[in-house]
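In case you want the letters, here they are:
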Amino acid sequence: MSKHRSDSWQIKLYTVWVFFVVNLRRLFRDRVALFFTFLFPLIFLFVFGSLSNTGSLNFRVALINDSRTPLAQLYSTNLRKDKTFNIQSGVSTLAQADSSLSRGEIDVIIELPKGFGQIINGLPTGNAILRYSGSNQQEAQALASIMQSQFSAITSHFTKSGQTLKVITKQSDAHSLTSFDYTFTGLLGFAILGTGIFGPMSVFPELKKMGVLRRLHTTPLRVWQFFMSNMLGQAVTGLMSLGLMMVVAVELYHLKIVGDLATLALYLILGIILILGIGLALGGWAKNERQVAPLGNIIVFPMMFLTGVFFPRYLMPQWLQSITNYMPLTPVIDGARMILTQGKSLLDLGPQLAVMGVWLVIIYAVAFRVFRWE
Amino acid sequence: MPEIIVKVKDLSKSYNGIKAVDAISFSVYKGEVFGILGPNGAGKTTTLEMIETLREIDHGSATITNIDVATNPYKIRSLIGVQPQSPGFQDRTKLTEIIQMFAAAYGERVNPRTFLNEVGLGEKANAFVEQLSGGQKQRFSIVTALVHNPKVFFLDEPTTGLDPQARRNLWNLITEVKARGISVILTTHYMEEAQILCDRVAIMDSGRIIALDTPNKLIEALLKRGFSKPPIENKANLEDVYIDLTGKKFKSEA
Ligand SMILES: Nc1ncnc2c1ncn2[C@@H]1O[C@H](COP(=O)(O)OP(=O)(O)OP(=O)(O)O)[C@@H](O)[C@H]1O
Ligand SMILES: [Mg+2]
């Protein structure tokens, strides 16, 4: 009756739409799926949110010593041994330190400028500069007073009156990230990973076992239509879940949203669809759940530990960072953080989008190739 | 001469060098019920699934309304309805939703309730498939295979595991489908069913068709070969008793 009609694009997309709507309704009837989609990531958010909110006393400090004076050398050597200060190695120039500060990788920069510790008129003089970001004001003040009392102790060897070594605190104007910003965007990645990969990886083999996909295979339904309805569903539920996490993070953990929400949503949808592709490939290929579980874990666990889900990548050695840069989830998490907390636009995220684009092509090419209906 | 809808020629399929289907040929006419009989492992399912585009054809060819199965799988799938040996539907999905999905898969938009009413499942419209009995599920499965008004309807052992009422009900359904001009190809292990339902039957064994004709002609031929059976004393059998006691009409709540 309508053989020609069924060839048109509108009809093919109508098919996608019906599958999307029915399966979305089905998801909301499934308590287990609802738990894993919405509640599970929130539980992690509560746990990690309260962990990173206790704030560590051991804040990370970069020490930049530009002074050649013996006093400056001695002071910096002692500072490096001081457990309170937790001086980071590997940051040697002020420019490096500044950018680390803005990425939230360090909390404070102590700068001993040229000539600090010079003996003038028999007294050691100079100003140490303590630079901090807005989110670390209290910690910086505490550090400053510790340093000031150390300076007093030094000058007391020379004079009983007056204070010629001083600490000047400066708030860095660059907006800097808190450790929670990293925790939160990592958890967004965790939620995307969980539903995008473990979802299809457990649902598809189940549908195959019930013979549902086999039955669909007898219809003219195309694999791309089936995939696309899954992509739509995942984008919608994923955005809902991530949005919920964001509301909780803003309310409970004072997450500051700097960036444009529409840009963020667009970027996250891309990330969701990218990671879903891995799930579609695994679930579409698997004949049963037992067969796919080991492969799934081999793919998921490295991403969980190397792409910034549970610990920020700046804690990793440089060589490892340059490798993990190219894992599919890394640009999703990094980009989301850059939009959310630094207000970056899509144009600023060229490198991230490039990595995601390449993976998108590879992952979906594999997913289409290995898909089987039974 | 009636119109040929399905034409199978020298169709063959091997699994690991063993021939499951061995160069079989037959044609199915418009509006006829064609039965494929044979013991377990004879190759019935393999034959059906090659014609349904679900399994690759090793040798030979199959066409439906002159369209080649191997080269036009999507076109063929829009022309056929398939009831697999064990149909599965996703859980937590209403019957109406599943019908909408299947219709959508064929690019159609239908009113699911009309279809459900046709097979006495109107009251179950909002139920999930897992809440249906075996017979209801079977009827429902047939509905999903017919949403797009196909030319050929394949059923693989449709009545296995059904009670006598449900089976009779299914026969009625198949007869109605046939009356709509749809060709039906089914497999069965019940000879009585084949005799009542099928216009012609092919008997398969070890991948080959060893006989193909109308049930009556096959019986005649057997009698001509001198076959005789002890005369039957009973005018009724146990099944007649069962049907008489439990009621001829199918129970929709069965
Ligand atoms: N996927 C497969 N791989 C290997 N061998 C197979 C496969 N499917 C079927 N066979 C073999 O092919 C032969 C025919 O199988 P088929 O399922 O077509 O028989 P059938 O007539 O439908 O049997 P039944 O009445 O039990 O349903 C059997 O010997 C079977 O073991
Ligand atoms: Mg079979």
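What this report covers is the structure whose coordinates are included nearby. Only a predicted model underlies this, so the values are computations on that prediction, with no experimental measurement involved.

**Regarding the overall build of chain B**
Line of reasoning, step 1. Scanning chain B from N- to C-terminus turns up 9 helices and 10 strands.
Line of reasoning, step 2. In summary, chain B has a C-alpha radius of gyration of 19 Å against a globular reference of 18 Å for 254 residues, a match within 12%.
Line of reasoning, step 3. Taken along its principal axes, the extent of the C-alpha atoms in chain B is 55 × 55 × 40 Å.
Line of reasoning, step 4. Buried positions account for 51% of the 254 residues belonging to chain B.
Line of reasoning, step 5. Here the analysis covers contacts within chain B between residues at least 6 apart in sequence; of these, 68% occur between residues at least 24 apart.
Line of reasoning, step 6. In chain B, 31 side chains carry a positive charge and 30 a negative one; their mean positions are 2 Å apart.

**Section: the side chain of Arg167 of chain B**
Line of reasoning, step 1. If you trace the backbone, Arg167 of chain B turns up in helix α6 (residues 164-179).
Line of reasoning, step 2. Ignoring anything within four residues of it in the chain, the contact list for Arg167 of chain B reads Thr159, Leu162, Tyr190 and Glu193 of chain B.

**Focus: helix α10 (residues 289-306) of chain A**
Residue and element names in this part refer to chain A.
Line of reasoning, step 1. The end-to-end C-alpha separation of α10 is 25 Å, in line with the 26 Å expected for 18 residues at 1.5 Å each.
Line of reasoning, step 2. At Gly296, α10 shows its largest bend, some 25°.
Line of reasoning, step 3. Restricting attention to buried positions, one finds in α10 the residues Val292, Gly296, Val300, Met303 and Met304.
Line of reasoning, step 4. At the N-terminal end of α10, a side-chain oxygen is found 3.2 Å from the backbone nitrogen of Arg290, two or three residues along, and the residue is Asn288.
Line of reasoning, step 5. The first or second residue beyond α10 is Gly308, which carries a positive phi of 95°.

Reading the values: the criteria
- Residues numbered from 1 in each chain as written.
- Chains lettered and ligands numbered in written order.
- Predicted model: local features only at pLDDT ≥ 70, side-chain atom pairs only at ≥ 80, totals over all residues.
- Heavy atoms only, no water.
- Helix = DSSP H or I, 4+ residues; strand = E, 2+ residues; numbered from the N terminus.
- Rg over C-alpha atoms; globule rule 2.2 N^0.38 Å.
- Buried < 20%, exposed > 50% of the residue type's maximum accessible area, 1.4 Å probe, protein only.
- Contact = heavy atoms within 4.5 Å.
- Lys, Arg positive; Asp, Glu negative; His and termini not counted.
- Charge placed at Lys NZ, Arg CZ, Asp CG, Glu CD.
- Expected span 1.5 Å × (residues − 1).
- Bend = angle between axes of the 7 residues up to and from the residue.
- Polar contact = N/O pair within 3.5 Å; in protein donor to acceptor, adjacent residues only side chain to side chain.

Keep in mind these values describe shape, not function.
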